[in-house]
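Here are the chains, one letter per residue:
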Amino acid sequence: MVSWISMDEVCHLLGVRPQTVYAYVSRGKLEVMPDPADTRRSLYRAEDVAGLAKRKQAGRKHETLAANTLFGSEPSIPTALCAFFRGRPYYRGQDAVSLARSATLEDLAQLLWGAEQPVDFSSATLMRSGKPGRVAAFTALASLAAAGHSTHGRLTRVLHNEGQSLVGQLANAFGAQPGRQPLHLRFAQGWKQSTQVADLLRTAMVLLVDHELTSSAFVARISASTGASLPACLLAGLTTLSGPLHGDASGRVQALFSEVERLGEDQVVAHYLSTGLPLAGFGHHLYPDGDPRAAALLALFEPPEVIARFIQKVTNLTGLQPNIDVALAALVAHHRLPADAAFGLFATARSVGLLAHSLEQLGVAQVIRPRGRYVGPIPNMPQGART
């Protein structure tokens, strides 16, 4: 549950004066609400205060300065693509979970890219050589990056057209059936799944499109700031996404599920908890009350029985809720999708977000700023709300 504390407690925990607290609120670093017991007073979100205290403490340590800063300044990139408010992600001010109920990946591309025309990911080119998967995708994308044209001096609509082609070809490389249908239907056809499963794939991809300034988005934006081609920007972002601590975290969860299916949930949970090993896919620092993306996806299907028992047991014993990586791995296990399907869905969906960050960066004059990052406002967001 979200907890709230008084001004005096905030000042004590951070070692600052009230004026500094007001500054944190005005910069969107600290969420505030009226005190129900006394409307003349305010309460402050304890999780935000804890995060500020942690960053402040780390800043005092010379050995952590290089890890947490870039050229002595925090990486700060203005973006209006994605923000967080009260434990939920928003795409350009629209609730991502609500969008996932009916929107397609094509709809999200039009929204995030600011495209005037509907986005079409159909591609006549089959960007694949050999077995579908990340090897085929990265190999083909690297070839396109090597021969790509700089983004400088090119019209926005031309870049949108190129982005459409890149996402469509990337999906082909991960096994989507070439054609003119929406990508979730093409993936279902390529993986020999029903239209009901296709709708689950659609939901998953919409939930995975963007997640604010992640490491992969940051890398894609740095590439764009140099004038690199769109395929180069996308390749830079996707190679970063492929790390097991980022977009391929679902692969760690799949390995964990394999242990559960082989040994049983009781033995696996006992081993991890007795040794203090982290359980991949549980908990998320941005969602202390649970990842709403995972809850939305898991509500649409029943994971295999042993996996469902494992998820429940971990939640009961640790208090940690499953995040989107667990939901994605459970979806793959339930419908017996190809081994690389989880990463393929994540990479294809996030390619829309990475291209959106690249396109947005082309209008940003300065990459590094001396203060924290700014995220575009959400309509009707109270002043000082955490983004």
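Above this text you will find the structure in question.
Cut-offs and rules
Residues numbered from 1 in each chain as written. Predicted model: local features only at pLDDT ≥ 70, side-chain atom pairs only at ≥ 80, totals over all residues. Heavy atoms only, no water. Pairing = 2+ DSSP bridges. Helix = DSSP H or I, 4+ residues; strand = E, 2+ residues; numbered from the N terminus. Expected span 1.5 Å × (residues − 1). Buried < 20%, exposed > 50% of the residue type's maximum accessible area, 1.4 Å probe, protein only. Phe/Tyr/Trp six-rings, centres within 6.5 Å; stacked < 30°, edge-to-face > 60°. Core = buried A, V, L, I, M, F, W, Y, C linked by side-chain atoms within 4.5 Å. Contact = heavy atoms within 4.5 Å. Axes fitted to C-alpha atoms, helices over the stretch in contact; angles between N-to-C directions. Parallel < 35°, antiparallel > 145°, perpendicular 65-115°, else oblique. Nonpolar A, V, L, I, M, F, W, Y, C, P; charged D, E, K, R; others polar. Left-handed = near helix turned anticlockwise from the far one by under 90°. Salt bridge = Lys/Arg side-chain N within 4 Å of Asp/Glu carboxyl O.

Student: Talk me through the sheet that holds strand S6 (residues 94-95); I want residue IDs and the actual numbers.
Tutor: Strand pairing within a sheet occurs via backbone hydrogen bonds; the two strands may be parallel or antiparallel. The sheet built from three strands is open, its strands ordered S4-S5-S6 with antiparallel pairing. The sheet is open, and its two borders are formed by strand S4 (82-85) and S6, each paired with just one other strand. Strand direction decides the pairing type here: strand S5 (residues 88-91) and S6, joined by two bridges, are antiparallel. Looking across to S6, one finds that Tyr91 is bridged to Gln94.

Student: Could you give an account of helix H8 (residues 156-173), naming the residues involved and the relevant values?
Tutor: Spanning 18 residues, H8 covers 26 Å between terminal C-alpha atoms, matching the ideal 26 Å at 1.5 Å per step. Counting buried positions along H8 gives 13 out of 18 residues, so the element sits mostly inside the fold. Downstream of H8 by one or two residues, Gly175 has phi in the positive range, about 110°.

Student: Can you explain unusual backbone geometry? Please cite residues and give values.
Tutor: Positive phi, normally seen in glycine, also occurs at Arg86, with a value near 50°. One can find Arg86 in the loop between S4 and S5. Of note in this structure, Glu212 is not a glycine but carries a positive phi near 65°. Along the chain, Glu212 falls in the loop between helix H10 (195-208) and helix H11 (215-225). Given a relative accessible area of 5%, Glu212 falls into the buried group.

Student: Explain the packing of aromatic side chains to me, and be specific about the residues and the numbers.
Tutor: Tallying each qualifying case throughout the model produces eight aromatic pairs. For the pair Trp113 and Phe121, a centre-to-centre distance of 6.2 Å together with 75° between the ring planes defines the contact as edge-to-face. The class of Phe121 is buried, set by a relative accessible area of 1%. Ring geometry for Phe187 against Trp191: centres 4.8 Å apart, planes inclined by 35°, an arrangement best described as tilted. Take Phe187 and Trp191: they sit in the same class, and that class is buried. One aromatic cluster in this structure is built from Phe138, Phe174 and Phe343.

Student: Could you give me a rundown of the nonpolar core, with the residues and numbers involved?
Tutor: Judged by nonpolar contacts, the single largest core of 96 residues is most densely connected at Trp113, Phe121, Phe187, Leu201, Leu238 and Phe310. Looking at this core element by element, the count peaks at twelve residues for helix H18 (residues 341-361).

Student: Describe helix H7 (residues 134-147), and please don't skip the residues or the numbers.
Tutor: For H7, with 14 residues, the first-to-last C-alpha span of 20 Å sits near the 20 Å given by 1.5 Å per residue. Burial in H7 covers these residues: Ala136, Ala137, Phe138, Ala140, Leu141 and Ala145. On the buried face of H7, the contacting elements are H8, helix H12 (230-241) and H18.

Student: So, the pairing of S4: which residues are in play, and what are the values?
Tutor: By the alternation rule, side chains of S4 split into Cys82 and Phe84 and Ala83 and Phe85, which are all buried. Two strands pair when backbone bridges link them, and S4 and S5 are joined in this way by four bridges, in the antiparallel orientation. If you follow Phe85 over to S5, its bridge partner there is Arg88. A loop of two residues connects S4 with S5, the two strands running antiparallel in sequence, and Arg86 in this loop sits at a positive phi of about 50°.

Student: Report on the packing of helix H13 (residues 249-263) against helix H14 (residues 265-275), specifying residues and quantitative values.
Tutor: Orientation of H13 relative to H14, taken along the N-to-C sense of each, is 125°, at an axis distance of 7 Å. Taken together, the axes of H13 and H14 lie oblique to each other. Contacts between H13 and H14 pair Leu256, Glu259, Val260 and Leu263 from the former with Glu265, Gln267, Val268 and Tyr272 from the latter. Split by residue class, the contact of H13 with H14 holds five nonpolar, one polar and two charged.

Student: Give a detailed account of the packing of helix H6 (residues 105-113) against H18, specifying residues and quantitative values.
Tutor: Their axes nearest at 9 Å, the elements H6 and H18 cross at an angle of 15°. Relative to H18, the element H6 lies roughly parallel. Crossing of H6 against H18: the hand is right-handed. Where H6 approaches H18, its residues Leu105, Leu108, Ala109, Leu112 and Trp113 are matched on the opposing element by Thr348, Ala349, Val352, Leu355, Ala356 and Leu359. The residue inventory of the contact of H6 with H18, partitioned by class, reads ten nonpolar, one polar and no charged.

Student: Lay out the sheet that holds strand S2 (residues 32-35) with the relevant residues and their values.
Tutor: If you walk across this open sheet you meet the three strands as S1-S3-S2, and the pairing is antiparallel. At either end of the open sheet lies a strand with only one pairing partner, and these are strand S1 (4-5) and S2.

Student: Before we move on, could you go through the side chain of His160 and cite the residues and values that matter?
Tutor: Mapped onto the secondary structure, His160 falls in helix H8. In contact with His160, not counting residues within four places along its chain, are Trp113, Gly114, Ala115 and Leu359.

Student: Hey, could you go over the side chain of Glu162 for me, with residue numbers and the actual values?
Tutor: Tracing the sequence through the fold places Glu162 in helix H8. Beyond its immediate sequence surroundings of up to four residues, Glu162 is in contact with Arg154, Leu230 and Pro231.

Student: Requested: an account of the pattern of salt bridges, with residues and values cited.
Tutor: Summed over the entire model, instances satisfying the criterion amount to 16 salt bridges. Arg88 is paired through a salt bridge with Asp95; the nearest N and O atoms lie 2.7 Å apart. Residue classification places Arg88 among the partly exposed residues on the basis of a relative accessible area of 27%. Assessed through its relative accessible area of 15%, Asp95 is described here as buried. With a shortest N-O distance of 2.8 Å, Arg293 and Asp291 are connected by a salt bridge.

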